[in-house]
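Structural description and commentary
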Amino acid sequence: VRCWDLETGTKLQDLNGGVTAAQTSHSTVSAAAIDCLGNRAVSGLEDGHLVYWHFGKVQEGSASSSSDNVAEKPTPKTKVLLAHYCAIRAIAATWKPEGSQALCGSDDGSLSLWRVDSQECLARFA
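In short, a report on the structure. (Residues numbered from 1 in each chain as written. Predicted model: local features only at pLDDT ≥ 70, side-chain atom pairs only at ≥ 80, totals over all residues. Heavy atoms only, no water.)

Bringing the environment of S118 into the picture now. Relative to the helices and strands, S118 resides in the loop between β9 (111-115) and β10 (120-125). Taking the relative accessible area as the measure of exposure, S118 reaches 41% and is therefore partly exposed. (Helix = DSSP H or I, 4+ residues; strand = E, 2+ residues; numbered from the N terminus. Buried < 20%, exposed > 50% of the residue type's maximum accessible area, 1.4 Å probe, protein only.)

Laid out in structure tokens, this is it:
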């Protein structure tokens, strides 16, 4: 996953937190969603893994910090979970200080709803 400054067209950083899961399964990113402030994101892989990216500006369960530059945090925190057994093709997310959720659509014909900070599956829809 690569982060860009859309106003200047400058590459900010390459994010490699989900690379281990992707390389192990020889997979690639197939879907992504990011919050409107650029603080958190989720990406879906071809092998069904979901990667939660936290760039350090907003901490789950606490107030915002003063940092406003994604590039100041070269190593974002990530969480990787197996959401599906087939490729994730679509992701929609709601971002909250606590309990951010991601809805994933997969090639297996199902949807799954995740609380991304705790990696808890809230529901599956077939």
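An order of β7-β8-β9-β10 is seen for the four strands of this open sheet, with the pairing classed as antiparallel. Where the open sheet ends on each side, the last strands, each with one partner, are β7 (88-94) and β10. Direction aside, neighbouring strands of the sheet carry axes that sit 20° apart on average. Bridge count between β7 and strand β8 (residues 101-106): six bridges; the pairing is antiparallel. If you follow A92 over to β8, its bridge partner there is L103. (Pairing = 2+ DSSP bridges. Axes fitted to C-alpha atoms, helices over the stretch in contact; angles between N-to-C directions.)

Such coordinate-based values are descriptive only and should not be taken to indicate function.
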